[in-house]
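Okay, here's what each chain looks like letter by letter:
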Amino acid sequence: MALSQGAVRRLLGYLTHYRLSFWLAVTLMALSAVFQSVLPVIMGKATDEIVAGNRAGLEESVLFLLVFVVLMFASGMLGQRIFAKVSQQALFDLRTSLFSRMQDLSLNFFDRQPIGELMSRVTSDIDVIDQFFSNSFQNVMQAVVSIVVVTAFMLWLSLSLTLLVYTVLFALLVFIWIVSHISGPIFTSLQEHLSRLNGYAEEHIEGQKVVLAFMQEGRSVDEFSAISKQAAQAGGRASFTALVTLPASTSTANLQSVLLLVVGGILVIHGRIELGLLVSFLGLSRGITGPLAHVFTSYSMLLNAIAGAGRVFSILDEEPAVADPPGAPAMPPLHGDVVFDHVDFAYVPGRTVLSDNSFHAGPGQVFGLCGPTGAGKSTIINILTRYYDIQKGAISIDGTNIASVQQDTLRIQVAQVLQVPFLFSDTIMENLRYARRDATDEECIAAAEQAGAHGFIMAQPDGYQTFLSDGGAGSLSQGQRQMLTIARAMVANPRLLILDEATSNVDTRTEKLINGGLLKLQEGKTSFIIAHRLATIRHADTILVINKGEIIERGSHDELMGKKGFYHTMFMSQFRGKLSGVAGID
Ligand SMILES: Nc1ncnc2c1ncn2[C@@H]1O[C@H](COP(=O)(O)OP(=O)(O)O)[C@@H](O)[C@H]1O
Ligand SMILES: [Mg+2]
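Residues numbered from 1 in each chain as written. Chains lettered and ligands numbered in written order. Predicted model: local features only at pLDDT ≥ 70, side-chain atom pairs only at ≥ 80, totals over all residues.

Draft legend 1. Up close: the site of ligand 1. Of all residues adjacent to ligand 1, which total 12 residues, the nearest are Y347, A375, K377, S378 and T379. With 3 residues, the single largest contributor to the shell around ligand 1 is helix α11 (residues 377-384). Its residues assigned to classes, the shell around ligand 1 comprises 4 nonpolar, 6 polar and 2 charged. (Near = placed C-beta within 6 Å. Helix = DSSP H or I, 4+ residues; strand = E, 2+ residues; numbered from the N terminus. Nonpolar A, V, L, I, M, F, W, Y, C, P; charged D, E, K, R; others polar.)

Next comes the structure, spelled out in structure tokens:
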């Protein structure tokens, strides 16, 4: 419970951040509740005037009634309007901080969480929080004000009738307390089930090609309905408890009226109280049960919001695993002298992926990395750009240990071209400029020419201003998109370049086109090129052969061929594959 209180307080913090508007809205809404509570008292007074046959008094009371109705309406409307603005702003802030947190989190956070579940979390949790802000919070607040004001009026009018109202109320509260203790955990589990369900659906829709390719549709459907069934059961239990609360509070309200009529009626008949007092009490007692019923029907919403907020905050509180040391300096402009010194690394503690890796790449040198799938090639790149921290040894660039500087200032000086080209939904020109905002149009066009992309860009409907919807997936081929990412890297023109299987997804003819651009891109940069097709790294100054996380051979292509070891065997098998026209090897 301590956690959920913390979550509520934090949620409210997003609202109270807009202090002035928030309190203005709350004051207006509270005033509206006060005005509403006054109405039954005036009604009672009007009744007494009627009984006394005082026409002038009746007119006065009716006038008061009208004034208060207008005041109640005006303050309520205004308060709600201001509150809606504040809550939308608060929601926007929450979304923004969540999004930027997710961008900051290191990759290993996403290794631990299915991405579909995370997306579902962010969208559906924010939705329930929205409902909390725009509904539950107001209900609870107005209910508290009404109950306090109404109780004050009741005590002022008659202590004994107040006690009567409260006795019935107490019974209701006990009942609700029991129900809420049963339904609380049910709602939390419902939300968790739903989130799992969404996560599963999203992942399997995204991965549908794979599902179909392995003919696993049946299995997906079975798994989905199993999860779905659990969610439905939790939903059934949750809605039962919600269904019980509303009739319970309505019946209590009616029971209360009956009791008041009986007890109050006898008192009126015996001349102990005025009829007006009884009328006031009948109205006032509704001013307690009504708001309470509201609160309890939005109770499930409140629990949902607390559960959602708890999960959202758990993301916000997640510390990036790769953290900058306090006061870390920026990485100075790179020359590109890279040293791996006895580096050990594991993604998961205890499961070593790289062991004792050492090498030195001087500025401007081209390093080729090859080896079987899963050997650890991409991992070397991941730790060089500090997406993960290493467990042992040291990685330094230009003599600076990369763990001692701000990670962003390192990454921004490295250009990467990965296996799957990633472009943003923006114009071609803006995509080229992405890594260096101040690049001129001319520089971008020159880079596109060097990368061999100028021709097909000009053939697009709007040339460089062509908008790439869906990151160009619809209008450009994979090879063309890769050429754009190469041009983008050229515009950035960093000292350190990483190519991770940049051409393994394109056909041989396109590869030839792209290779020219890639070779130009490497000029004057320390380059790490991971290649599946060994011909791509034949020109490298040094080739590292990685197997099972260890560097088992190193040297130039000619040296490695001379050794007749692992590299020689790999190269020859690819070469033979090509000669016999079998493309299966690569
Ligand atoms: N995010 C990760 N979490 C845990 N293990 C990983 C992760 N990424 C890669 N691995 C494991 O690390 C090893 C090396 O992977 P990787 O560097 O991607 O190989 P390569 O690029 O040489 O094909 C593999 O056994 C792989 O399963
Ligand atoms: Mg890889």
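Draft legend 2. A look at the pairing of strand β9 (residues 542-547). Counting buried positions along β9 gives 5 out of 6 residues, so the element sits mostly inside the fold. The pairing of strand β3 (residues 366-370) with β9 spans 4 bridges and is parallel. In the sheet register, L369 faces β9, and the bridge partner there is L544. Sheet topology note: the β9/strand β10 (residues 550-555) ladder contains 5 bridges and is antiparallel. (Buried ≥ 20, exposed ≤ 12 C-beta atoms within 10 Å, placed from the backbone. Pairing = 2+ DSSP bridges.)

Draft legend 3. Main features of the nonpolar core. L369, A448, I486, A487 and I529 are the most contacted members of the largest nonpolar core, which has 67 residues in total. Among the elements that make up this core, the one with the highest residue count is helix α16 (residues 478-492) (8 residues). If you look at the next biggest cluster of nonpolar residues, it comprises 48 residues, including V145, L164, I176 and F281. (Core = buried A, V, L, I, M, F, W, Y, C linked by C-beta atoms within 7 Å.)

Draft legend 4. Representation of helix α14 (residues 441-450) within the structure. Within α14, burial applies to C444, I445, A447 and A448. When α14 is viewed along its axis, its buried side chains cluster within an angular range of 160° and face the same direction. The secondary structure elements touched by the buried residues of α14 are α13 (428-432), α15 (454-458) and α16. Looking one or two places after α14, you find G452, whose phi comes out positive at around 80°. (Arc of directions from axis to C-beta. Contact = placed C-beta atoms within 7 Å.)

Draft legend 5. How the structure looks around the pairing of strand β1 (residues 338-346). With 6 bridges connecting them, β1 and strand β2 (residues 352-361) associate as antiparallel partners. Counted as the bridge partner of F340 is F359 from β2. The hairpin turn running from β1 into β2, its antiparallel successor, is 5 residues long, and G350 in that turn takes a positive phi close to 90°. Looking at chain direction, β1 and strand β4 (residues 392-397) are connected through 5 bridges and run antiparallel. Paired with V338 across the two strands is I397, which belongs to β4.

Draft legend 6. View of the sheet that holds β3. Taking strand neighbours across the sheet as the criterion, the 6 strands line up as β6-β7-β8-β3-β9-β10 in an open arrangement whose pairing is mixed. Two strands lie at the open edges of the sheet, namely β6 (414-417) and β10, each paired on one side alone. For this sheet the average axis-to-axis angle between neighbouring strands, irrespective of direction, equals 20°. Here strand β7 (residues 496-500) pairs with strand β8 (residues 526-530) via 5 bridges, running parallel. Its bridge partner lying in β8, L496 is registered against T526. Lying over the sheet, α11 contacts β3, β7, β8 and β9, oriented at roughly 145° with respect to β8. (Axes fitted to C-alpha atoms, helices over the stretch in contact; angles between N-to-C directions.)

Draft legend 7. Representation of unusual backbone geometry within the structure. Phi is positive for D398, close to 50°, though the residue is something other than glycine. Summarising the element assignment, D398 is placed in the loop between β4 and β5 (400-401). Positive phi, normally seen in glycine, also occurs at K564, with a value near 55°. By secondary structure assignment, the location of K564 is in the loop between α18 (557-563) and α19 (566-579). Of the residues examined, K564 has 10 C-beta atoms within 10 Å and is grouped as exposed.

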